[in-house]
Amino acid sequence: MATSVNISVVIITHNEEKNIARCIASVQTIADEIVVVDSFSTDRTEEICKEKGVKFIQHAFEGHIQQKNYAITQATYPHILSLDADEELSETLTQSIQYIKQHWEADGYYFNRLTNYCGSWIKHGGWYPDKKLRLWDSRKGCWTGVNPHDQYTLIAGSTQQYLKGDLLHYSYNSISQHLQQVDYFTTIACEQAFAQGIKANPFMLVYKLLYRFVKGYIFQLGFLDGFAGWCIAVISAYASFIKYAKLYLKQRNATS
């Protein structure tokens, strides 16, 4: 049975002065509350958030999954729209959520995410459609996954529906920024893999690099995104190599 609900929009931040105002502005018409949980930014993130009148909370960062689960506990309403600071709602997605607010039926709602890479919208290479479950009744699930790759998981028996419209994701402004993020994420992924007992070897390093490139650029049609698609395929392959290279060295050092 459909019912009307209030929605808390929850965003986690760290040094997001370039993105946060756009993100907040995109949810103004659907949010009954906007909660920003910040891990002690050193730029203008806090100033911008307070200018926008959101509920601003600072909390030490212990991991993407942990931070997002904590952020949910700071929301007033159980129905949550969870966004990253570098995301915004498209007009069509905004309209879909406005309708769902008055006709809430499922436990969770998912939609596609469209990514902007260095000024180009990416439609291939495994980057689209990038289905995201981001609107849900927080009493029916929690954030899970392996850092830094978080995902929201609903309890068994929960219902999901698809919403029209894209979540717009402004990922990287430059190749340098992409490479910096690769270093950051592969270090986290390496630590997680090591803790889980995953083993790496020289053959795996080469295999993962080649497989990731061929999969993204050829089989997932990354070449159709032009130069941006080429850059994504190469850097994604490099990231796979770096993750397992870091893991291999960590294992070797642990046994020496």
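For the structure itself, consult the block above.
Residues numbered from 1 in each chain as written. Predicted model: local features only at pLDDT ≥ 70, side-chain atom pairs only at ≥ 80, totals over all residues. Heavy atoms only, no water.

(A) View of empty space enclosed by the protein. Under the definition given, this model contains two cavities of 30 Å³ or more. Empty space within the largest cavity amounts to approximately 60 Å³. Every residue along the wall of the largest cavity is listed here: I122, H124, G125, R212, G216, Y217, G222, D225, G229, I232, A233 and S236. Among the elements of the structure, helix 6 (202-219) and helix 7 (226-255) are those that each provide at least two residues to the lining of the largest cavity. Among the elements that make up the lining of the largest cavity, the one with the highest residue count is helix 7 (four residues). Looking at the lining of the largest cavity, its residues break down into four nonpolar, six polar and two charged. What lines the second largest cavity is V10, I12, K68, A71, S82, L83 and W143. The set of elements that each furnish at least two residues to the lining of the second largest cavity consists of strand 1 (8-13), helix 3 (64-73) and strand 4 (79-84). For the lining of the second largest cavity, the class distribution of residues is five nonpolar, one polar and one charged. (1 Å grid on protein atoms, 1.4 Å probe; cavity = no way out; pocket = protein on both sides within 12 Å on 5 of 7 lines; lining within 4 Å. Points joined across faces, edges and corners; volume = space filled by probe spheres on them. Helix = DSSP H or I, 4+ residues; strand = E, 2+ residues; numbered from the N terminus. Nonpolar A, V, L, I, M, F, W, Y, C, P; charged D, E, K, R; others polar.)

(B) How the structure looks around the packing of aromatic side chains. Scanning the model with the defined rule gives 15 aromatic pairs in all. A ring pair is formed by Y117 and Y172, whose centres lie 6.0 Å apart and whose planes are at 80 degrees; its orientation type is edge-to-face. Placement of the pair is Y117 in strand 6 (residues 108-117) and Y172 in strand 11 (residues 160-172), with a sequence separation of 55 residues. By the burial criterion, Y117 is buried, and Y172 matches it. Centre to centre, the rings of W136 and Y152 are 3.6 Å apart; their planes meet at 5 degrees, and the pair counts as stacked. Taken as a pair, W136 in strand 8 (residues 130-137) and Y152 in strand 10 (residues 149-154) lie far apart in primary sequence, 16 residues in all. (Phe/Tyr/Trp six-rings, centres within 6.5 Å; stacked < 30°, edge-to-face > 60°. Buried < 20%, exposed > 50% of the residue type's maximum accessible area, 1.4 Å probe, protein only.)

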